[in-house]
Amino acid sequence: MQNRRHLIQATLSAAFACAVWPAAAQTLTLKASDVHPPGYPNVVAVENLGKKLEAATKGRIKLQMFPGGVLGSEKEVVEQTQVGAIQIARISLGVLGPVVPDVNVFNMPFVFRDEAHMRKVIDGPIGAEILDKITNSPARLVALGYMDSGSRSLYTKKPVRTPADLKGQKIRMMGNPLFVDTMNAMGGNGISMGHTEVFGALQTGVIDGAENNPPTLFTSNQYTTVKYYTQTNHLIIPEIFVMSKVTWDKLSKDEQALVRKFSREAQMEQRGLWDKSVAEYTAKLKAAGIEFITTDTKPFYDATEPVRAKYGAQFTDLMKRIADVK
Ligand code: BDP
């Protein structure tokens, strides 16, 4: 029985390996994952990276995009990428925190003054250091580049203007204890779940609200379940795209250089698409009747000071360097 199970496992692994690298044709198909739907800036930029790779390698390397979270939640996708079952994962740095704790420096509430500050940091030496930390960690992931995700703000069924308004409200956060602590500090009750579950949870009233950027709020349809978008901008988290180390090690040096070059271009392409999509989806949300609330963010900043103190203790120097980026 034990032997038979081993045989089945060996056969399955061989079949899997062949599916990815058919020996005869010597082609490599990179399975790429994103929770966002087709047409979303991140999805488009990774697809274009694939087209460039295919052209430059004369078809040896192809990329197949699996959008809409069909390969699983971001947590599951990270695990699958670590073992080489998925080759490229585009995820939020938020969910990478539990796997590579060094990235949590970017996951802290209000660590960046604004989006321009965040871009300057990720484009400079600190951004490069964090990418290296991911690649050099035991996580078996090669960090290819960042993407933009704008600012995350609160959306709810009842209006929120101050931390006191969040009392008793269950607010969905991404899967990282840091975010649950952040929401609890902001006055609500943080609940973590995967992105694709949020729409249903809002519909059924399992949660009272969530937080994200305008393009995600619209394209996930979550906006149909809420009324208010309070611009707290409490998290400005870059996205990341990573390659499985298992796959990376099978590429030639030249192919790795191509992946690096096209990844850099994908990062820049996404940024242009991103700015357009924020404007487009903000207008769509307003047209759909979502009320945008601008409020004083200082009380939210002050309320989250204990979170920065707790999680930032190990990053004191780095946080100072981030603050010094002008
Ligand atoms: C979006 C990110 C996506 C996350 C999602 C979430 O682009 O990677 O999965 O938020 O809240 O903004 O889970």
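Residues numbered from 1 in each chain as written. Predicted model: local features only at pLDDT ≥ 70, side-chain atom pairs only at ≥ 80, totals over all residues. Heavy atoms only, no water.

Caption draft 1: Examining the overall build of the protein more closely. Looking only at helices and strands, the protein features 14 helices and 11 strands. A compact globule built from 326 residues should have a C-alpha radius of gyration of about 20 Å, and the protein, at 20 Å, falls within 12% of that. Sequence separation of 24 or more characterises 75% of the internal contacts of the protein that already satisfy a separation of 6 or more. Just so you have it, the protein exposes about 14100 Å², and 57% of that area is on carbon and sulfur atoms. Treating the 39 positive side-chain charges of the protein as one cloud and the 32 negative ones as another, the clouds have centres 3 Å apart. (Helix = DSSP H or I, 4+ residues; strand = E, 2+ residues; numbered from the N terminus. Rg over C-alpha atoms; globule rule 2.2 N^0.38 Å. Contact = heavy atoms within 4.5 Å. Areas by Shrake-Rupley, 256 points an atom, 1.4 Å probe, with all protein chains shown as cover. Lys, Arg positive; Asp, Glu negative; His and termini not counted. Charge placed at Lys NZ, Arg CZ, Asp CG, Glu CD.)

Caption draft 2: Geometry of the layout of surface pockets. Estimates place the volume of the largest pocket at around 430 Å³. Lining the largest pocket are 27 residues, and of these E74, K75, V95, M174 and G175 lie nearest its centre. Residue assignment for the lining of the largest pocket shows that the elements contributing at least two residues are helix 3 (74-83), strand 3 (88-92) and helix 8 (195-204). With four residues, the single largest contributor to the lining of the largest pocket is helix 3. Its residues assigned to classes, the lining of the largest pocket comprises nine nonpolar, 10 polar and eight charged. Considering the residues around the second largest pocket, the lining is formed by 17 residues, among which A128, L131, A143, L144 and R260 are closest to the centre. When residues of the lining of the second largest pocket are traced back to their parent elements, those giving at least two are helix 5 (115-123), helix 6 (125-136), strand 4 (141-147) and helix 11 (253-287). Ranked by residue count, the leading element in the lining of the second largest pocket is helix 6, at six residues. Among the residues forming the lining of the second largest pocket, the class breakdown is six nonpolar, seven polar and four charged. (1 Å grid on protein atoms, 1.4 Å probe; cavity = no way out; pocket = protein on both sides within 12 Å on 5 of 7 lines; lining within 4 Å. Points joined across faces, edges and corners; volume = space filled by probe spheres on them. Nonpolar A, V, L, I, M, F, W, Y, C, P; charged D, E, K, R; others polar.)

Caption draft 3: Local environment of the site of the ligand. In the vicinity of the ligand, 14 residues are found, and the nearest of them are H36, E74, R172, N212 and E239. In this structure, an oxygen atom belonging to the ligand sits 2.6 Å away from a side-chain N or O atom of R172. Take E239: an N or O atom from its side chain is 2.5 Å from an oxygen atom of the ligand. Considered on its own, the ligand offers 320 Å² of accessible surface; in the complex 99% of this is hidden by protein. With respect to the pocket detection grid, the ligand is positioned in the largest pocket. Class assignment of the residues belonging to the shell around the ligand gives a composition of two nonpolar, seven polar and five charged. (Near = heavy atom within 4 Å. Polar contact = N/O pair within 3.5 Å; in protein donor to acceptor, adjacent residues only side chain to side chain. Sits in = over half its atoms within 2 Å of the grid points.)

Caption draft 4: Spotlight on the packing of aromatic side chains. Counted by the stated rule, this structure contains eight aromatic pairs. Aromatic side chains F106 and Y146 sit 6.4 Å apart centroid to centroid with 55° between the ring planes, which places their arrangement in the tilted category. Taken together, the residues span a long stretch of sequence, with F106 in the loop between helix 4 (93-96) and helix 5 and Y146 in strand 4 at a distance of 40 residues. With respect to burial, F106 and Y146 carry one shared label: buried. Their ring planes at 70° and their centres at 5.6 Å tell us that F110 and Y301 sit as a pair that is edge-to-face. Placement of the pair is F110 in the loop between helix 4 and helix 5 and Y301 in helix 12 (residues 298-303), with a sequence separation of 191 residues. Among the residues examined, Y301 registers a relative accessible area of 34% and is labelled partly exposed. The structure contains a cluster of three or more aromatic residues connected by ring pairs, namely F106, F112 and Y146. One cation-aromatic arrangement involves K227 over Y228; the distance from NZ or CZ to the ring centre is 5.6 Å. Cation over ring: R308 sits above Y301, and NZ or CZ is 4.1 Å from the ring centre. (Phe/Tyr/Trp six-rings, centres within 6.5 Å; stacked < 30°, edge-to-face > 60°. Buried < 20%, exposed > 50% of the residue type's maximum accessible area, 1.4 Å probe, protein only. Lys NZ or Arg CZ within 6 Å of the ring centre and 35° of its normal.)

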